[in-house]
Amino acid sequence: MDEIKFSRRDSLGLAALAGAAAAIPTVAEAATRAAAGGKPKIPFITKIDVKDPYWTRDTYARIDADLDPTKEKCGWIKGKAYGVRDNEKVRPLFNVEGFSFVRTKRLEDGSVRRMLREVVFYRDLETGKILTEWFNPYTNETVKVVPIANDPFNFTISAFQPEPPSYGGLQKVKHDPKPFLQDWEFGPDGTMILHTGIDMIYPSALQPDKWPRESAGPMNRVSEHFIYVVKKADVENPHLTHIPHVGSWSRITPWLPWMLMGQAPGNISYFTHFQTIPEGEKGLPADLVAAARAMDEKWLHAPTEDYGPSLSSLENYARQQKPAPVPPGWSPPQPPAPAAPFPPRP
């Protein structure tokens, strides 16, 4: 298998990026042309160059969304969420399944603003039924399930590495501008594989003094990692404003606030797969569509304008829910004690 040998130490310097910006017009490359007249329609770069931040910008935008602003890209995700505690096996807790709709618009400097809504539901492990209540085996109580519902989750895809999400100002980490380059490799059978991810720790919107049962502590430690698999021919195709793909998403996050675990030791790990759904709503499971529509019709469409703030499910919970009462004598559930060591051989 051929592999792209690349590291961030090989990245272009900012001076080189500035020079490239002067040489490349705002429309980058008029790769797609209208059928009549040969005029540029949706401009983007198709020549593969992993050291070119403009190619990275256009290619990632074509994967994450659709460069045609008249189109919505629908993505579907499915997998499981697991509970992780010391001294016991990792435990599957519930299935997860959901979808997103995203739209883009080009900014004056050639950057791409992606505007997204997403909703993810939890399903019973045995029946597959969408959960509204769930029996928590750690606390031996039934709790109300709150789906992931992010409206919006927007950011700008440019030739510069994006800043970490601010989550309404809670995440204050900044970095010096640097070219937007990603971790690509060539896979078998004419595929290309993209690895992306982010590791964060930032102040929680659910502080323990106000949210004793929902808060996992004063800080959120969250990691999200993605793998996208695309066809090389699709990346190079000047007629594809969206690049179809399959992939995987994993997330390590504190206990979900609606589990009412408090500052119990441990965490949640999501393991999922995802793909483009060309048919949009018609290609999604009927019960997912019905559940989303019951919440609001908006979840079946991408935003048509830019607004914010962009928050994760943790910040949305703090804005939309109320602290649960604390039962007398309650304390966060603890993992089991370590197993006794084997006795020494006689």
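Below, the structure is looked at part by part. Worth saying up front: this structure is predicted, and the values here are computed from it rather than measured.

The rules behind these values
- Residues numbered from 1 in each chain as written.
- Predicted model: local features only at pLDDT ≥ 70, side-chain atom pairs only at ≥ 80, totals over all residues.
- Heavy atoms only, no water.
- Pairing = 2+ DSSP bridges.
- Helix = DSSP H or I, 4+ residues; strand = E, 2+ residues; numbered from the N terminus.
- 1 Å grid on protein atoms, 1.4 Å probe; cavity = no way out; pocket = protein on both sides within 12 Å on 5 of 7 lines; lining within 4 Å.
- Points joined across faces, edges and corners; volume = space filled by probe spheres on them.
- Nonpolar A, V, L, I, M, F, W, Y, C, P; charged D, E, K, R; others polar.
- Salt bridge = Lys/Arg side-chain N within 4 Å of Asp/Glu carboxyl O.
- Buried < 20%, exposed > 50% of the residue type's maximum accessible area, 1.4 Å probe, protein only.
- Phe/Tyr/Trp six-rings, centres within 6.5 Å; stacked < 30°, edge-to-face > 60°.
- Contact = heavy atoms within 4.5 Å.

Now for the pairing of strand β5 (residues 141-144). Two strands pair when backbone bridges link them, and strand β4 (residues 133-136) and β5 are joined in this way by four bridges, in the antiparallel orientation. Across the sheet, residue Glu133 finds its bridge partner in β5, namely Lys144.

Quantified by volume, the second largest pocket comes out at close to 300 Å³. For the lining of the second largest pocket, the secondary structure elements donating two or more residues are β1 (73-84) and β10 (219-231). For the lining of the second largest pocket, the leading source of residues is β10, giving three residues. Of the residues assigned to the lining of the second largest pocket, the class counts are seven nonpolar, five polar and seven charged.

Counted by the stated rule, this structure contains 16 salt bridges. The partner of Asp58 in a salt bridge is Arg57, and the shortest N-O contact between them spans 2.9 Å. By the burial criterion, Asp58 is buried, and Arg57 matches it. One salt bridge in this structure joins Asp58 and Arg106, with 3.4 Å as the shortest N-O distance. Placement of Asp58 in helix α2 (residues 53-64) and of Arg106 in strand β2 (residues 91-106) is noted, with a sequence separation of 48 residues between them. Here Arg106 falls in the partly exposed class, since its relative accessible area comes to 29%. In the salt-bridge network here, residues are joined through shared partners; they are Arg57, Asp58 and Arg106.

This part covers the packing of aromatic side chains. Per the stated rule, a full pass over the model turns up 18 aromatic pairs. Ring geometry for Tyr228 versus Phe274: centroids 5.3 Å apart, planes at 65°, classification edge-to-face. Here the residue Tyr228 occupies a position in strand β10, and Phe274 occupies one in strand β12 (residues 267-276), the gap between them amounting to 46 residues. Accessibility expressed as a relative area gives 5% for Tyr228, which makes it buried. A relative accessible area of 11% places Phe274 in the buried class. Three or more aromatic residues link up through ring pairs in this structure, and these residues are Tyr60, Phe180, Phe226, Tyr228 and Phe274.

The element β12 is extensively covered by neighbouring structure, given that seven of its 10 residues are classed as buried. Pairing analysis gives 10 bridges linking β1 to β12, with the strands arranged antiparallel. Across the sheet, the residue bridging to Ile77 is Phe274, located in β12. Both strand β11 (residues 246-253) and β12 contribute to a ladder of eight bridges, which runs antiparallel. Looking at β12, one finds that Gly247 is bridged to Phe274.

Residues Leu314, Glu315, Asn316, Tyr317 and Ala318 constitute the buried set of helix α5 (residues 313-320). Tucked inside the fold, the buried residues of α5 contact β6 (148-150), β9 (191-203), β10 and β11.

Another aspect to go through is empty space enclosed by the protein. This model, assessed by the stated rule, comprises one cavity of 30 Å³ or more. In this structure, the largest cavity occupies an estimated 50 Å³ of space. In terms of residue class, the lining of the largest cavity is made up of six nonpolar, three polar and one charged.

Here we come to unusual backbone geometry. Residue Pro152 is reached from Asp151 by a cis peptide bond, and omega for that bond is 0°. With respect to the secondary-structure elements, Pro152 resides in the loop between β6 and β7 (155-157). Cis peptide bonds are those with omega within 30 degrees of zero, and the linkage from Gly308 to Pro309 qualifies with 5°. Within the fold, Pro309 resides in the loop between α4 (286-295) and α5.

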